[in-house]
Each structure stands twice: as C-alpha cells, then as structure tokens.
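Residue-level structure breakdown
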Amino acid sequence: GENVEQHPSTLSVQEGDSAVIKCTYSDSASNYFPWYKQELGKGPQLIIDIRSNVGEKKDQRIAVTLNKTAKHFSLHITETQPEDSAVYFCAASRVLDKLIFGTGTRLQVFP
Amino acid sequence: EPEVTQTPSHQVTQMGQEVILRCVPISNHLYFYWYRQILGQKVEFLVSFYNNEISEKSEIFDDQFSVERPDGSNFTLKIRSTKLEDSAMYFCASRAGLSNYGYTFGSGTRLTVV
C-alpha cells in the first residue's frame, strides 16, 4: 500500500542552526507534497507545500525540495528559532486524493 | 483567516456508547475528511466525503463509523459503539476543490474511551 517514511524521528538543534527533515514515498502517482507543523494539543498546520511540477519552493526561512525520480522530498528550516519547536509531518497525495502522512519528526530548538 | 471548527475539544465516553464528533468546515469548501491520530503516532486517513457521499474510506472506517453532512454546514463523525482503541485525536479537514490542493485542519477532538 501507499507509504511515507520520515526521518529523523527526533532532531535537536541550536538556535540559529539549520534543520533538515527527509521523507520518501512509495506511490509514484503522488503529485502533491505538503508539510505540516503540529504544536501540542493542536491540529496540523500547513507550513509549505510543493507540487510535482517543481523541484524546489522557498518561503522565507522554510524551503522544500522534491526529487521525483528518487521519490523523496525534504524540508529545510534555516536560522531556527525556539518557536520552531514542534512536531513536523510530511505527507503525500495524488491530486484530489487523501493525504498519506509520514511518522513525524519532533524538532527541538535550544536557545 | 477561515477556520475549520471542531466540537467538543475533548470527549470522554464509556466503552460501548455512541459518540458524535462535530465539525464545521470552511463554507465554500467542497471536500471533507476525517483523520485520526493515536497518541504519539502519525495522522491516519479515515474517510473522505464529496457531493454528499463517501468518496473513499480506510480499513479503520468499519461499520461502527459513519459520516453525515446533515444541514449543509456541519460534518459529523459518528462512532456507534466505542471501543478502547478508538481513543485518539480526531481531526476534521476540508479542501476547496480542484484548483486548490491545500487542506485546512481543525484543532481536533480528543476522544477518550474508558
């Protein structure tokens, strides 16, 4: 079945450093790849997404890269801040289809 | 910014009881979803709903589960006879349609079955 693997499961960085989270997906028909930030007791919040017709997208300190051939995509956060601390989920889907989520990465940014 | 609203935020119920989780999706959205997250685990798809019918459901969504959009604004998830393993956060999500891939999630209902 469809599956999304996510690594690492936990990531600790010093404030100001960069953080990278990686995901691989199994369904080659997937063409939409969002990233969600989940804070304690809250629902997933979309932070950035990318469609399969582009290889990279950037929004201020956050960027996502996509390699369709290798079926993997990554989230890059630069100049991390303590408020970036949360659980991050990647997901993949076909157009108009359900999201398949990764297993999550708990990011801790230490001041 | 438009929101997906879920009520209640926390529900405690006895095993075997029926529960109804309520959601108000964003008003002009056409696609509606329920997802579940067991504590410490990933978010899992339960069901999608479009044009007043279920478009897809997962293996988790068995005969004990049902969804309804009774009045054009609410979207409900009913669990007929709750089990201990139904304890989880339940998230409702909606999406505008063909031109917009992005989902908006609600803040969830924490269901505790005792």
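Chains are numbered independently. Their residues run from 1 in the order of the written sequence. Each chain takes a letter, starting from A, and each ligand takes a number, starting from 1, following the order in which they are written. Since the coordinates come from a predicted model, pLDDT governs what is reported: local features require at least 70, and pairs of side-chain atoms require 80 or more to be given and counted, while whole-chain, interface and lining totals use all residues. Side-chain numbers come from the whole structure's heavy atoms, not from hydrogens or water.

**Notes on the interface of chain A and chain B**
It is common to give the size of an interface as the accessible area lost on bringing the parts into contact. So the rule is basically this: Contacts were defined at the residue level, with two residues in contact if any of their heavy atoms lie within 4.5 Å. What gets called buried area is simply the loss in accessible area from a 1.4 Å probe that two parts show on being joined, summed for both. Salt-bridge detection follows one rule: a side-chain nitrogen of Lys or Arg within 4 Å of a carboxyl oxygen of Asp or Glu. What qualifies as a polar contact is a pair of N or O atoms within 3.5 Å, subject to a donor-acceptor requirement within protein and to the restriction that residues adjacent in sequence count only when both atoms come from side chains. Going along the chain from the N terminus, every DSSP run of H or I of four or more residues is numbered as a helix, and every run of E of two or more is numbered as a strand. Classification used: nonpolar for Ala, Val, Leu, Ile, Met, Phe, Trp, Tyr, Cys and Pro, charged for Asp, Glu, Lys and Arg, polar for all others including Gly.
Contact with chain A, which involves 19 residues of that partner, is made by 20 residues of chain B. When the buried area of chain A at its contact with chain B is split by residue, Leu96, Lys98 and Phe101 of chain A rank highest and sum to 32% of it. The interface formed by chain A and chain B holds 1 salt bridge in total. Close ionic contact of Glu56 of chain B with Lys98 of chain A constitutes a salt bridge, the shortest N to O distance being 2.6 Å. Our count for the contact surface shared by chain A and chain B stands at 4 residue pairs in polar contact (both at pLDDT 80 or more). Considering each element in turn, the side of chain A that touches chain B owes the most residues, 3 residues, to strand E4 (residues 32–38) of chain A. Considered class by class, the residues forming the side of chain A that touches chain B number 8 nonpolar, 7 polar and 4 charged.

**Observations regarding the confidence of the model for chain A**
Selection criterion: In predicted models, pLDDT denotes the confidence assigned by the predictor to each residue on a 0 to 100 scale.
Taken over all residues, the pLDDT of chain A has a mean of 94, while the share at 70 or more is 99%. Ranking the elements of chain A by mean pLDDT puts strand E5 (residues 45–51) of chain A last with 93 and strand E3 (residues 19–25) of chain A first with 98.

**Focus: the state of the cysteines**
Residues and elements named next belong to chain B. The criterion, for reference: Defined by distance alone, a disulfide is two cysteine sulfur atoms within 2.5 Å. Classification of residues uses two cut-offs on accessible area relative to the type maximum, computed with a 1.4 Å probe and protein chains only: under 20% is buried, over 50% is exposed, and between them is partly exposed.
One pass over the full model with this rule turns up 2 disulfides over all chains. Each disulfide pairs two cysteine sulfurs, and for Cys23 the partner residue is Cys92, the sulfurs being separated by 2.0 Å. The chirality of the disulfide connecting Cys23 with Cys92 is left-handed, given an S-S dihedral of about -65°. Here Cys23 is found in strand E3 (residues 19–24), whereas its partner Cys92 is found in strand E9 (residues 88–97), with 69 residues between them in sequence. For Cys23, a relative accessible area of 1% translates into the label buried. By relative accessible area, which is 0% here, Cys92 ends up buried.

**What about the sheet that holds E3 of chain A?**
Each strand in a sheet pairs with its neighbour through backbone hydrogen bonds, running either in the same direction (parallel) or in the opposite one (antiparallel). Residue and element names in this part refer to chain A. The criterion, for reference: Pairing between strands requires that DSSP locate at least two bridges from one strand to the other. Note on definitions: angles span 0 to 180 degrees between N-to-C directions of axes, and those axes are lines fitted to C-alpha atoms, for helices only across the stretch in contact.
One open sheet accounts for 5 strands, arranged E1-E3-E8-E7-E6; its pairing is antiparallel. Sheet topology places strand E1 (4–7) and strand E6 (56–59) at the edges, where each strand pairs with a single neighbour. Strand after strand, the sheet turns through a mean of 15° between neighbouring axes, direction not considered. Bridging between strand E7 (residues 62–67) and strand E8 (residues 72–77) involves 6 bridges; their strand directions are antiparallel. Pairing of Ile62 across the sheet is with Ile77, part of E8.

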